[in-house]
Amino acid sequence: MINAVLVFNNHGKPRLVRFYQHLAEEVQQQLIRETFHLVLKRDEHICNFLECGSLFGGADYKLIYRHYATLYFVFCVDSSESELGILDLIQVFVETLDKCFENVCELDLIFHMDKVHYILQEVVIGGMVLETNMNEIVAQAEAQNKLEKAEGGLSAAPSRAVSAVKNINLPEIPRNINIGDINIKVPSLSQFM
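In this text, all values refer to a predicted model and were calculated from it rather than measured experimentally.

1. Side note on the overall build of the protein chain
From N to C terminus, the protein chain includes seven helices and nine strands. Taken over 193 residues, the protein chain has a buried fraction of 35%. In the protein chain, the proportion of contacts linking residues at least 24 apart, taken out of those at least 6 apart, comes to 47%.

Next comes the structure, spelled out in structure tokens:
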């Protein structure tokens, strides 16, 4: 089982953090720091598997990581997972990000965090590997983007409201609205049109 997925830069700043078991916030922060220091001090020519039983409180936990440009992609797994399989999964995840963002970089992970989490959820859910077919993952991410664009999202709400007001076909704009005892004077809308 995958217990955590961590992505951090060369300076130890976390860019993606996903734990698949409940841990207190302080424990998570300490695990991120210790993981970074363990991975950082390893030489580039040493294998990408690291025993880390003391970190997660069990003897059978391993860190499996890859270093791409300025980012470390680290998966913490138990002994039931294949090291080479997880390395391959990291490669699939990174290549999928690369396809979705067209040359993914650290800024993409910062400014498109929701999309990155969505892609990770297509690959791993609940600590179990869900999908490894890169084309299927990309297709699902594109379908999600189309859905978000069709809905317009919250950011499009103000512009939709203004266009709705502009498209109201009233023979004349009412100046006073009377509802029972209430008399409402309508301001001029010419500044918005």
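Alright, that's what it looks like, and here's the rest.
2. As for the pattern of salt bridges
Per the counting criterion, the structure on display carries two salt bridges. The residue glutamate 106 makes a salt bridge to arginine 15 at a minimum N-O spacing of 2.7 Å. Taken together, the residues span a long stretch of sequence, with glutamate 106 in helix 4 (residues 106-111) and arginine 15 in strand 2 (residues 14-19) at a distance of 91 residues. In this pair, the class of glutamate 106 matches that of arginine 15, namely buried.

3. Points about helix 3 (residues 83-101)
Helix length check: helix 3 (19 residues) gives 27 Å between terminal C-alpha atoms against 27 Å at 1.5 Å per residue, within 8%. Phi for glutamate 102, located one or two positions after helix 3, is positive at around 55°.

4. A short note on the packing of helix 3 against helix 5 (residues 113-123)
Two elements in contact, helix 3 and helix 5, have axes whose closest approach is 11 Å; the angle formed by their N-to-C orientations is 140°. It follows from the interaxial angle that helix 3 and helix 5 lie oblique. The crossing of helix 3 and helix 5 is right-handed. Contact residues: Leu89, Phe93, Thr96, Leu97, Cys100 and Phe101 in helix 3; Lys115, Val116, Ile119, Leu120 and Val123 in helix 5. Its residues assigned to classes, the contact of helix 3 with helix 5 shows nine nonpolar, one polar and one charged.

Scoring rules and cut-offs
Residues numbered from 1 in each chain as written. Predicted model: local features only at pLDDT ≥ 70, side-chain atom pairs only at ≥ 80, totals over all residues. Heavy atoms only, no water. Helix = DSSP H or I, 4+ residues; strand = E, 2+ residues; numbered from the N terminus. Buried < 20%, exposed > 50% of the residue type's maximum accessible area, 1.4 Å probe, protein only. Contact = heavy atoms within 4.5 Å. Salt bridge = Lys/Arg side-chain N within 4 Å of Asp/Glu carboxyl O. Expected span 1.5 Å × (residues − 1). Axes fitted to C-alpha atoms, helices over the stretch in contact; angles between N-to-C directions. Parallel < 35°, antiparallel > 145°, perpendicular 65-115°, else oblique. Left-handed = near helix turned anticlockwise from the far one by under 90°. Nonpolar A, V, L, I, M, F, W, Y, C, P; charged D, E, K, R; others polar.

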